[in-house]
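Geometric and topological summary
Chain residues, written in single-letter form:
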Amino acid sequence: MKERSLFKNFTKASKKKKTDDPVQQESANNSQPHQLYTDLQQNEQQLRSIYANCSDIVYRTFFIEGQTKAILIYIDGLADSGGIESNVISPLMQEAEGKAYEIGQLAERKISASQAKPFTTFQECVEYLSNGLPILLRDHEATGLAFGLNKWEKRSIEEPVAESGIRGSREGFTETLRTNTSLIRRIVKSPMLKTEQMKIGGYTQTNVIIAYIEGLVDKTLVEEVRNRLGRIRIDGILESGYIEELIEDMPYSPFPQLLSTERPDVTCANLLEGRVAILVEGTPFVLIAPITLFSLMQSAEDYYQRFWVSTAMRWLRYMFTLISMLLPSLYVAILTFHHEMVPGSLLISMAVSREAVPFPALVEALIMEVTFEALREAGVRLPKQVGSAVSIVGALVIGQAAVQAGLVSAPMVIVVAITGISSFMIPRYIAGIAIRLLRFPLIFLAGSLGLLGIMMGIIAIVLHLSSLRSFGVPYLSAIATPKMKELKDVLIRAPWWMMNTRPRLTGDYNEYRQAPNQKPRPEQGGEA
């Protein structure tokens, strides 16, 4: 009871110190530098008090070299029990051949684990245990050792489902932070690649890494990322989406201000352009900052295909993005207010198909759009084997039944189908959601004000995009200053031998990415 009350006392002290920040009280508790005792029994009782009612904590008591009592503590499922037995316990239990070693010398002379970190406080002890490291405490010493023998079940590296492609890397990030940093390090082998680590979340103590390439990134950008992450006060971080919402510039905007990706090649490409990557433990999605609107319209495959093909695909994306956002509202506006814009024969055909429909075009469009979105969401949430069949068959069956029942017209079904297919052309899922959300207010404006309402909606969207920023970088900065070197990777995808410079993001930067005159010529032959 004495040890439990002692632990409660220093947790109460931390609460008083941080009364204005209650969600961080657990983090504050752990930050108390309460020193280890020299008595092993007191240390064990203190840790048993801290980890009371924790059935996964293993306490292994033994004698070092047959002389000094010690205890090894680890969390079952997070530590390598086989490695602990062979690399720590077995060497330490061998009889001493001479003078007994101190605990600091044990790591050098007796223990074969790859890492042995000394610690002197209970806060460090709890931190190491929580990260899966087994800890060793010895009688008559106020210093412990933590060994790099953490091991847990993890998912293998697989192809990203949301960012699959025909050409390019098939590797994707996993939920393990060190696996993700190794995937980046395998591509960018330079020591200029920096990975700064911090912990966020009072209870989860989630590891977060800021990755950037020194010499390419603006130092003020890195400092801004550090400051925004350092301001976060929350009890836990379970996914990178938490951090995205807590550090973006305009939280009420439907447009994403950070790029999320599962692909190491996309992450490294952005690092080489002077951006910053934020990796979060427990999620395969890495955040990239800063971005522009056109970053969301670019696919990794654009840079692996022939530049003519990539440019054509990029223009197709731009065109179908506009179709996805504007086609239903244009249909509603024309049928409601602007019949003269439709050729006579087509207008008669549309009027015949709508003859039995009891609803105005606005209500008809809303019914079909909501139904289509519900089917799409159902297809995503259902198991993979069933989801695609339900979404496709459901759309066909419901659409056909609705037309035969006279609830909607056949042209409306065609318009909604084209709109849905167009939205799949957007390479970033979160950008597609923003476009789908904006479609509904545009439909309302079209049903009430016609083309004038659509123009008002477009002007409002453009004004919003013009005011939007991602870590201080204007969202439309790529086209705000019409410079050819800034447009060569926006409206078109220029060939690699023309992309000598990096995109200008913030302040000072390393402008040139390759030597000039890289265009291949037959007369050059094999000359260097």
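Up top you'll find the structure we're talking about.
Notes on the structure follow. Numbering of residues begins from 1 in every chain and follows the order in which that chain's sequence is written. Only residues with pLDDT of at least 70 get local features here, since the model is predicted, and only at 80 or more are side-chain atom pairs given and counted; chain-wide, interface and lining totals rely on the full set of residues. Each side-chain value is derived from all of the structure's non-hydrogen atoms; neither hydrogens nor water enter the calculation.

1. Some points on the sheet that holds strand β4 (residues 135-138)
The condition that has to hold: Strand pairing is defined by DSSP finding a minimum of two bridges between the two strands. Counting from the N terminus, the helices are the DSSP runs of H or I reaching at least four residues and the strands are the DSSP runs of E reaching at least two. Note on geometry: axes are C-alpha line fits, over the in-contact stretch for helices, and angles between N-to-C directions span 0 to 180 degrees. Residue contacts follow a heavy-atom distance rule, with two residues in contact if any of their heavy atoms lie within 4.5 Å.
With antiparallel pairing, the 5 strands of this open sheet are ordered in space as β1-β2-β4-β5-β3. Across the chains shown, the open sheet's two edge strands, defined by having one partner strand only, are β1 (57-64) and β3 (116-119). On average, adjacent strands in this sheet sit at an angle of 25° to one another, irrespective of strand direction. Both β1 and strand β2 (residues 68-75) contribute to a ladder of 8 bridges, which runs antiparallel. If you follow Val-58 over to β2, its bridge partner there is Tyr-74. Of the strands in this sheet, β1, β2, β4 and β5 (144-147) touch helix α4 (residues 81-93), which is tilted by about 20° from β1.

2. Side note on the packing of aromatic side chains
Stated formally: Stacked, tilted and edge-to-face are the three classes applied to pairs of Phe, Tyr and Trp rings, where Trp contributes its six-membered ring and a pair requires centres within 6.5 Å; stacked means planes under 30 degrees apart, edge-to-face means over 60, and tilted covers the rest. Each residue is placed in one exposure class: buried if its accessible area under a 1.4 Å probe, protein chains only, is under 20% of its type's maximum, exposed if it is over 50%, and partly exposed if it falls in between. Lysine NZ or arginine CZ positioned within 6 Å of the ring centre and within 35 degrees of the ring normal marks a charge as sitting over the ring.
Applying the stated criterion across every chain, the model contains 7 aromatic pairs. Where Tyr-303 meets Trp-496, the ring centres are 6.0 Å apart and the plane angle is 45°; that geometry is what we call tilted. Here the residue Tyr-303 occupies a position in the loop between β10 (286-289) and α11 (307-336), and Trp-496 occupies one in the segment after α19 (484-487), the gap between them amounting to 193 residues. Tyr-303 gets classed as buried once you look at its relative accessible area, which sits at 19%. Accessibility expressed as a relative area gives 37% for Trp-496, which makes it partly exposed. One aromatic cluster in this structure is built from Phe-294, Trp-315 and Tyr-318. In this structure, Arg-48 is placed above the aromatic ring of Tyr-59, and the distance from its NZ or CZ to the ring centre is 3.9 Å.

3. Quick word on helix α8 (residues 219-230)
As a reminder, the rule being used: Helix span, expected: 1.5 Å multiplied by one less than the number of residues in the helix. Throughout, the arc means the angular range of directions from the helix axis out to the C-beta atoms.
Given a rise of 1.5 Å per residue, 12 residues ought to cover 16 Å, and the 16 Å separating the end C-alpha atoms of α8 matches this to within 8%. Those residues of α8 that fall on the buried side of the exposure criterion are Leu-221, Val-222, Val-225, Arg-228 and Leu-229. Buried residues of α8, seen end-on, are gathered within an arc of 130° and therefore sit on one face of the element. Exposed side chains of α8 directed beyond 90 degrees from the buried face belong to Lys-219 and Thr-220. Taken together, the buried residues of α8 touch β6 (193-200), β7 (206-213), α9 (240-247), β9 (276-280) and β10.

4. Some remarks on unusual backbone geometry
For residues other than glycine, phi is negative in most cases, and the peptide bonds are mostly trans. Look at the link from Ala-289 to Pro-290: it is a cis peptide, with omega at -5°. With respect to the helices and strands, Pro-290 occurs in the loop between β10 and α11. At His-140, a position not held by glycine, the phi torsion is positive, near 70°. In this structure His-140 comes out as exposed when scored by relative accessible area, which is 64%.

Just geometry here; none of it tells us what the structure is for.
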